[in-house]
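So you can see what is in the structure, the chains are spelled out below.
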Amino acid sequence: MQEDMRPAIAVHPYSPSDIAAMAAIWNEVVRDGVAFPQEEELGEGEAAEFFAAQSHCGVAKDAETGEALGMYILHPNNVGRCGHICNASYAVASAARGRGAGRALVTDCIEQAKQLGFGVLQFNAVVATNKPARHLYESLGFKQLGTIPSGFRMPDGTYEDICPYYLSL
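So, here is what we can say about the structure in this document. Quick caveat, the model's predicted, so the values are computed rather than measured. (Residues numbered from 1 in each chain as written. Predicted model: local features only at pLDDT ≥ 70, side-chain atom pairs only at ≥ 80, totals over all residues. Heavy atoms only, no water.)

**A word on helix α3 (residues 101-115)**
- Under the 1.5 Å per step criterion, the end-to-end length of α3 is 21 Å for 15 residues, consistent within 8% with the ideal 21 Å.
- Among the residues of α3, Ala 101, Leu 105, Val 106, Asp 108, Cys 109, Ile 110, Gln 112 and Ala 113 are the ones counted as buried. (Helix = DSSP H or I, 4+ residues; strand = E, 2+ residues; numbered from the N terminus. Expected span 1.5 Å × (residues − 1). Buried < 20%, exposed > 50% of the residue type's maximum accessible area, 1.4 Å probe, protein only.)

Okay, here's the thing in structure tokens:
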């Protein structure tokens, strides 16, 4: 039996000391242009305000080194009669992908959403070509709601389908 040699990953609520690392990871995904709808990167002040405005933010860190590997934001998807539905976005540093940080982030987010009283976690715009994310979500029980043709503009100007997902909490 082969032992898993990957370092342990711990997810914690963010603190002000995490903002620079979180912004760097977020901005890397924005620059890549293949997963987030945002086109503008967050400056340091904007990042602090943006993360503070969320219902919850989690940071995945290497448990031995403390290096930030990824992060997520969690917030209501809508208001009023649909306020029980939340939405989240996840970002993992490119150098940390494939180490389990994404799974740790989504799993923690599900628990935080339950603790905050949400009943459904919904992803509005998972890009169809983002196979690793789609596989992860499906392995955790998320259901695809359908496909929105050409819902995401790629950096080269072409369009990809998006696939909304949901999980009843």
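**Details of the pattern of salt bridges**
- For the structure shown, the criterion picks out six salt bridges.
- Salt-bridge contacts for Asp 18 lead to Lys 61; the nearest nitrogen and oxygen are separated by 2.7 Å. Here Lys 61 lies in strand β2 (residues 56-62) and Asp 18 lies in the loop between β1 (9-13) and α1 (19-32), a separation of 43 residues in the sequence.
- Look at Asp 18 and you get buried, because its relative accessible area is 7%.
- For Arg 99, the salt bridge goes to Asp 62, with nearest N and O atoms at 3.3 Å. (Salt bridge = Lys/Arg side-chain N within 4 Å of Asp/Glu carboxyl O.)

**Notes on unusual backbone geometry**
- A positive phi angle, near 55 degrees, is found at Ser 150, a position not held by glycine.
- In this fold, Ser 150 is placed in strand β7 (residues 148-153).
- For Ser 150, a relative accessible area of 43% corresponds to the partly exposed category.

**Regarding the side chain of Gln 122**
- Mapped onto the elements, Gln 122 comes out in strand β5 (residues 120-127).
- With residues up to four places along the chain from it excluded, the contact list for Gln 122 reads Asn 77, Ile 85, Cys 86, Asn 87, Ala 88, Tyr 165 and Tyr 166. (Contact = heavy atoms within 4.5 Å.)

**As for the packing of aromatic side chains**
- Under the definition given, this model contains 11 aromatic pairs.
- Cluster of aromatic residues (ring-pair linked, three or more members): Tyr 72, Tyr 90, Phe 123, Tyr 137, Phe 142 and Tyr 165. (Phe/Tyr/Trp six-rings, centres within 6.5 Å; stacked < 30°, edge-to-face > 60°.)

**Brief notes about the pairing of strand β8 (residues 159-168)**
- Summarising the sheet, β5 and β8 pair through six bridges and their orientation is antiparallel. Residue Gln 122 lies in a different strand from β8, and its bridge partner there is Tyr 166.
- Summarising the sheet, strand β6 (residues 143-144) and β8 pair through two bridges and their orientation is antiparallel. Among the inter-strand pairings, Lys 143 is bridged to a residue of β8, identified as Tyr 166.
- For β7 and β8, the ladder comprises three bridges, and the chain directions are antiparallel. Across the sheet, residue Phe 152 finds its bridge partner in β8, namely Glu 160.
- Connecting the antiparallel pair β7 and β8 is a turn made up of five residues, with Gly 157 showing a positive phi of about 90 degrees. (Pairing = 2+ DSSP bridges.)

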